[in-house]
Amino acid sequence: MAWSTREIAELAGTSLRAVRHYHDIGLLDEPERHSNGYKQYSVSHLVRLLRIKRLSALGFSLARISDMSSDADARADLTELRALDDELAATIERLQQARTEVGALLRRTARSDLPLRFASVDDVAELPEPDRSFVSVIDTVLGPKALGAYTDLLQQKPDPVATELDGLPADADESTRQSLAERLVPYVRALRVRHAGLGDLTSDAPHGRHFTARTMAKAIGDLYNPAQVDVMRRLGRLLADHGLPE
């Protein structure tokens, strides 16, 4: 028995256009034609078409299917299948991470502007908007060690002196800025004792120290007002005077 193009497409659960495309790219052999000129497909064509459909559904590109042999147990096929299995595992991991984040959002334990690792921070720190944006930026440049230390820090209730910096107006005078910077020194020193990773946030940065420091400086300059930025700079100099990294 032989089938027409339409019949074999229906049997394989695909379209006429797909069958013709497979012929055009050499993925499916052209069948013999009947005396009336119509194509006559055999069982071998159907089996090949079903295999193409199955491998395509698994995630193989048509180019990769073309490179694979017709024997499903061939070594080349096993290599391709192992490679595809690795790709699928990576995709599943990404999807599981995405589902975890969506679940956190649905439970209202996270806002969409914060990475998942900081999902519980809102319940503790109640971060102001500039800090929220800064957290999102540093999540893209810090390494695991620094991010772990920063996450631990944000799990704590904010100190009054840190809250004072958050509310510092842009027109704060010289003495107010200097006083706040000086009062921040013991606070920051204590934080670095409790969270060792804060001493050098760029130590394990995946993009390197220079790029990370430049990105963080850019974020600070854009997100905080001039008085706040000035206090941070003063604080950095004071910490250096005490033998601590800025």
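Before going into details, it helps to say that this report is about the structure given with it. (Residues numbered from 1 in each chain as written. Predicted model: local features only at pLDDT ≥ 70, side-chain atom pairs only at ≥ 80, totals over all residues. Heavy atoms only, no water.)

1. Looking at the side chain of Thr-5
Looking at the secondary structure, you find Thr-5 in helix α1 (residues 5–12). In contact with Thr-5, not counting residues within four places along its chain, are Leu-16, Val-19, Lys-39 and Tyr-41. (Helix = DSSP H or I, 4+ residues; strand = E, 2+ residues; numbered from the N terminus. Contact = heavy atoms within 4.5 Å.)

2. Considerations on a nonpolar patch on the surface
Taken together, the side chains of Leu-58, Leu-78 and Leu-81 present a nonpolar region at the surface, about 210 Å² in accessible area. Within the secondary structure, Leu-81 is located in helix α5 (residues 75–106). For Leu-81, a relative accessible area of 32% corresponds to the partly exposed category. (Patch = residues over 30% accessible without salt bridge, like charges linked within 9 Å, V, L, I, M, F, W, Y side chains within 5 Å. Areas by Shrake-Rupley, 256 points an atom, 1.4 Å probe, with all protein chains shown as cover. Salt bridge = Lys/Arg side-chain N within 4 Å of Asp/Glu carboxyl O. Buried < 20%, exposed > 50% of the residue type's maximum accessible area, 1.4 Å probe, protein only.)

3. So, the nonpolar core
Core analysis: the biggest nonpolar cluster contains 20 residues, and Phe-134, Leu-142, Tyr-150 and Leu-198 have the highest contact counts within it. Elements with a contribution of two residues or more to this core: α6 (129–138), α7 (144–154) and α10 (209–223). If one sorts the elements of this core by residue count, α7 sits on top with six residues. With sequence-adjacent residues up to four places away left out, Leu-198 is seen in contact with Ala-149, Tyr-150, Leu-153, Leu-191 and Arg-192. Membership of the second largest hydrophobic core comes to 19 residues, among which are Val-19, Tyr-22, Leu-46 and Leu-55. (Core = buried A, V, L, I, M, F, W, Y, C linked by side-chain atoms within 4.5 Å.)

4. Remarks on the pattern of salt bridges
In total, this model carries eight salt bridges according to the counting rule given. Note that Arg-177 and Asp-230 form a salt bridge whose closest N and O atoms lie 3.3 Å from each other. Taken together, the residues Arg-177 in helix α9 (residues 174–194) and Asp-230 in helix α11 (residues 226–241) connect sequence positions 53 residues apart. Owing to a relative accessible area of 15%, Asp-230 belongs among the buried residues under this scheme. The salt bridge involving Asp-230 is made with Arg-234; its shortest N-O contact spans 2.7 Å. In this pair, Asp-230 and Arg-234 both sit in helix α11, four residues apart, roughly one turn of the helix. Judged by its relative accessible area of 9%, Arg-234 falls in the buried class. The structure contains a network of salt bridges with shared partners spanning Glu-174, Arg-177, Asp-230 and Arg-234.

From the geometry alone we can't say anything about function, so treat these as descriptive.
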